[in-house]
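Read off the chains here:
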Amino acid sequence: MPILLLKPNKQINRYFLDVFDDMSPRMLLRKRVRQYIDYFEEEIWQDKTGKPFPKVILICPDERSKNYLEKFVKNSLECDIDFYLSLKNKVSWENILNLSVYIVKINRILFLL
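Quick summary incoming for the structure in this document. (Residues numbered from 1 in each chain as written. Predicted model: local features only at pLDDT ≥ 70, side-chain atom pairs only at ≥ 80, totals over all residues. Heavy atoms only, no water.)

### A word on the packing of aromatic side chains
Working step 1: Tallied over the entire structure, the rule returns 7 aromatic pairs.
Working step 2: Summarising the aromatic geometry, the rings of Phe16 and Trp45 are spaced 5.3 Å apart at their centres and angled 75° between planes, so their arrangement reads as edge-to-face. One end of the pair, Phe16, is in strand β2 (residues 12-19); the other, Trp45, is in helix α2 (residues 44-49), and 29 residues separate them in sequence. For the pair Phe16 and Trp45, one class covers both residues: buried. (Phe/Tyr/Trp six-rings, centres within 6.5 Å; stacked < 30°, edge-to-face > 60°. Helix = DSSP H or I, 4+ residues; strand = E, 2+ residues; numbered from the N terminus. Buried < 20%, exposed > 50% of the residue type's maximum accessible area, 1.4 Å probe, protein only.)

Listed below in structure tokens is the structure:
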């Protein structure tokens, strides 16, 4: 899901957002990350929009899925994509794109706390 955010200072930030449900198998999680990596490497977004590739926000249903995705992304990522990972129960849905929340960056993976 592409998201466009216009901040008060008129800066436009672009994101892709995926919210995984409780029944999402690991195969689906891996497939989605690979799709983002392929999309980035094919430069479709960059060519069509003339903009840098958006940050990717992945909302996981539980700690186990988040930990799995963290490891998978670290092992799969050889390109310059920022991934944000969080848990459904930790996200304030009213402020999901207010990135003034605490962000911890670990090897291009960012965690919303």
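Back to the text.
### A word on the pattern of salt bridges
Working step 1: Taken as a whole and assessed by the stated rule, the structure comprises 3 salt bridges.
Working step 2: Residue Asp18 is joined to Arg32 by a salt bridge in which the shortest nitrogen-to-oxygen separation is 2.9 Å. You can see Asp18 sitting in strand β2 and its partner Arg32 sitting in helix α1 (residues 26-42), a full 14 residues away along the chain.
Working step 3: In this structure, Lys66 and Glu63 form a salt bridge, with 3.3 Å as the shortest nitrogen-oxygen distance. Of this pair, Lys66 and Glu63 both sit in helix α3 (residues 63-76), separated by 3 residues, roughly a single helical turn.
Working step 4: Residue class for Glu63 comes out partly exposed when judged on its relative accessible area of 41%. (Salt bridge = Lys/Arg side-chain N within 4 Å of Asp/Glu carboxyl O.)

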